[in-house]
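# Overview (structure and organization)
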Amino acid sequence: MLNELEEFRRKDIPYSRVLSSMCTTPHPVAVEAHRLFLETNLGDPGIFRGTWELEEKLMRLLGEMLHNENAAGYICSGGTEANIQGIRAARNVMRQKKGVQKSNIVIPESAHFSFEKIGDILGVEIRRAGLDEDYRVDVGAVEELVDNNTVALVGIAGTTELGQIDPIKELSDLAVERGIELHIDAAFGGLVLPFMDDAPDFDFKLDGVSSITIDPHKMGMATIPAGGILFRDGSYLRALEVETPYLTSKSQYTLTGTRPGTGVASAYAVLRHLGYDGMKKVVEKCMDMTTLLVEEMRSLGFEPVIEPIMNVVAFRTDKAEKIKDELYRRDWVISTIRKPKAIRMVIMPHVNEEVISGFIQTLREVIRAV
Ligand SMILES: *Cc1c(COP(=O)(O)O)cnc(C)c1O
């Protein structure tokens, strides 16, 4: 049986040939922590009271990192669930506060596809605002889409396609002015920006920000699944609660019932083990590798769509799909974006000089072939 399992596993492509994923090889301390918490279920916190306490501690750690000691939240399955819960809380709060019934939200055109699911599941109308020439949301366009039924704006700190950061300060001012919620999708950037010098404000430091998605299973090098949702305070969690008979707790604000404690343990382990300086080094290395990749790509005639802000970069080419397919045939994985046509790479902690030089060598071959 084990041989059979290994056989299937061998068919997977190792991360050392993957430049498309926002996930990465977990940090060794994350693996150890995961192992220790293997059977934990935070769906029943009265049983797993130590794991529950650890989650609270992790929330304080993340909250302080995001400039808010009162932040409240939990570790979930990923950015998708975090975004669902962020918008669900905003909808419920605005229903209670202002009686809004036919809710809508205004999101950037560059938002992650999870918002499609959110519109469908929550029955909230999704309004998409256009971008400026740097692929940041156009705040004027956002303002035009806001009406009395708007419950929330969404800003992205690290877009999935380009790693771009929306003008969060302006979105925050608009949210305060109109008395609506502001959800920040920092699924990727939430564990990059705090460790960069001169990063713009994107978190609870800004008055209008009500919730933040921040995923330890991306740049936090935690084991999958480990997404994160943090709210400005506990009142948003109250707006998500349902009663739970037959459990050790009386109510539950999470979306899933049974949920692993492994993400809590592995995320905490990495942050505690590396600390601020260690995380900063990881981010710096990813940015150095991004710079190296851009240099190599420029020497092959490719230009980045925008100068990379984070460790995500896309290069314009009309042959994007073709290049991606040819690379995949050679067991290298990148991705593409449609607007503008480009190939896209994410430079995660597993990407080092050796990975880049191997990739560039194969890319040269592919260019000759296409
Ligand atoms: C990755 C990502 C998501 C989705 O996260 P999952 O963990 O895949 O559910 C949402 N938003 C942004 C900006 C992301 O980068």
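All figures in this text were calculated on a predicted structure; none of them were measured in a lab.

The rules behind these values
Residues numbered from 1 in each chain as written. Predicted model: local features only at pLDDT ≥ 70, side-chain atom pairs only at ≥ 80, totals over all residues. Heavy atoms only, no water. Helix = DSSP H or I, 4+ residues; strand = E, 2+ residues; numbered from the N terminus. Rg over C-alpha atoms; globule rule 2.2 N^0.38 Å. Buried < 20%, exposed > 50% of the residue type's maximum accessible area, 1.4 Å probe, protein only. Areas by Shrake-Rupley, 256 points an atom, 1.4 Å probe, with all protein chains shown as cover. Lys, Arg positive; Asp, Glu negative; His and termini not counted. Charge placed at Lys NZ, Arg CZ, Asp CG, Glu CD. Pairing = 2+ DSSP bridges. Axes fitted to C-alpha atoms, helices over the stretch in contact; angles between N-to-C directions. Near = heavy atom within 4 Å. Polar contact = N/O pair within 3.5 Å; in protein donor to acceptor, adjacent residues only side chain to side chain. Domains from an automatic or database assignment. Contact = heavy atoms within 4.5 Å. Buried area = accessible area lost by both parts, 1.4 Å probe. Salt bridge = Lys/Arg side-chain N within 4 Å of Asp/Glu carboxyl O. Core = buried A, V, L, I, M, F, W, Y, C linked by side-chain atoms within 4.5 Å.

What follows deals with the overall build of the chain. Along the chain, the regular secondary structure elements total 11 helices and 12 strands. In terms of overall size, the chain behaves like a compact globule, its C-alpha atoms giving a radius of gyration of 21 Å where 370 residues would be expected to give roughly 21 Å. Along the three orthogonal principal directions, the C-alpha set of the chain runs to about 60 × 55 × 35 Å. In the chain, buried positions account for 56% of the 370 residues. Counting every atom, the chain has about 17200 Å² of accessible surface; 48% of that belongs to carbon and sulfur. One finds the centroid of the 43 positive side-chain charges in the chain at a distance of 4 Å from the centroid of its 55 negative side-chain charges.

Moving on: the sheet that holds strand β11 (residues 335–337). One open sheet accounts for 3 strands, arranged β10-β12-β11; its pairing is antiparallel. Here the strands that pair on one side only, and so sit at the sheet edges, are β10 (312–316) and β11. Neighbour-to-neighbour, the strand axes of the sheet open up by a mean angle of 35 degrees, direction not taken into account. Note that β10 and strand β12 (residues 342–346) share 5 bridges and pair antiparallel. Bridge assignment links Ala314 to a residue of β12, and that residue is Arg344.

A few words now on the site of the ligand. Near the ligand lie 14 residues; those nearest to it are Gly79, Thr80, Asp185, His217 and Lys218. Gly79 is positioned with one of its backbone polar atoms (N or O) 2.9 Å from an oxygen atom of the ligand. Within the side chain of Thr160, an N or O atom sits 3.3 Å from an oxygen atom of the ligand. Summarising the interface, the protein chains cover 85% of the accessible area of the ligand, which totals 380 Å² for the free molecule. With 3 residues, the single largest contributor to the shell around the ligand is helix α4 (residues 79–98).

For the chain, the assigned domains read domain 1 (2–23 + 275–369) and domain 2 (28–271). Between the C-alpha centres of domain 1 and domain 2 the distance comes to 27 Å. Taken together, the 26 residues of domain 1 in the interface contact 28 residues of domain 2. In total, domain 1 and domain 2 occlude about 2400 Å² of area from one another, counting both sides; carbon and sulfur atoms represent 71% of this. Summed over the three residues of domain 1 that lose the most area to domain 2, namely Met22, Met279 and Met310, the buried surface amounts to 29% of that side. As a salt-bridge pair, Lys280 and Asp197 come within 2.8 Å of each other at their nearest N and O atoms. Run the count over domain 1 and domain 2 and you get 3 residue pairs in polar contact (both at pLDDT 80 or more). Elements with a contribution of two residues or more to the side of domain 1 that touches domain 2: α9 (262–299), β10 and β12. Residue contributions to the side of domain 1 that touches domain 2 peak at 8 residues, all from α9.

Let us look at unusual backbone geometry. With omega at 0 degrees, the peptide bond leading from Ile224 into Pro225 counts as cis. With respect to the element layout, Pro225 can be found in the loop between β6 (211–213) and β7 (227–231). In this model, Lys339 is joined to Pro340 through a cis peptide bond whose omega is -5 degrees. With respect to the secondary-structure elements, Pro340 resides in the loop between β11 and β12. The backbone of Asp198 shows a phi angle near 60 degrees, a positive value even though the residue is not glycine.

Ranked by internal contacts, the top residues of the largest apolar core, which has 80 residues, are Leu58, Ile105, Val142, Leu153, Ile184 and Phe188. Looking at this core element by element, the count peaks at 12 residues for α9. Residues contacting Ile105, with those up to four places away along its chain left out, are Ile87, Phe115, Val124, Glu125, Ile126, Arg127, Val151, Ala152 and Val154. Among the nonpolar cores identified, the runner-up in size contains 23 residues, and Val294, Met297, Val313 and Ile360 belong to it.

The next subject is the pairing of β12. In terms of burial, β12 is largely enclosed, as 5 of its 5 residues are buried. Alternating residues of β12 divide into Ala342, Arg344 and Val346 and Ile343 and Met345, and every residue in both groups is buried. In this structure, β11 lies alongside β12, joined through 3 bridges in antiparallel fashion. Bridged to Ser335 within β12 is Arg344. Linkage of β11 to β12, two consecutive antiparallel strands, is achieved through a turn of 4 residues.

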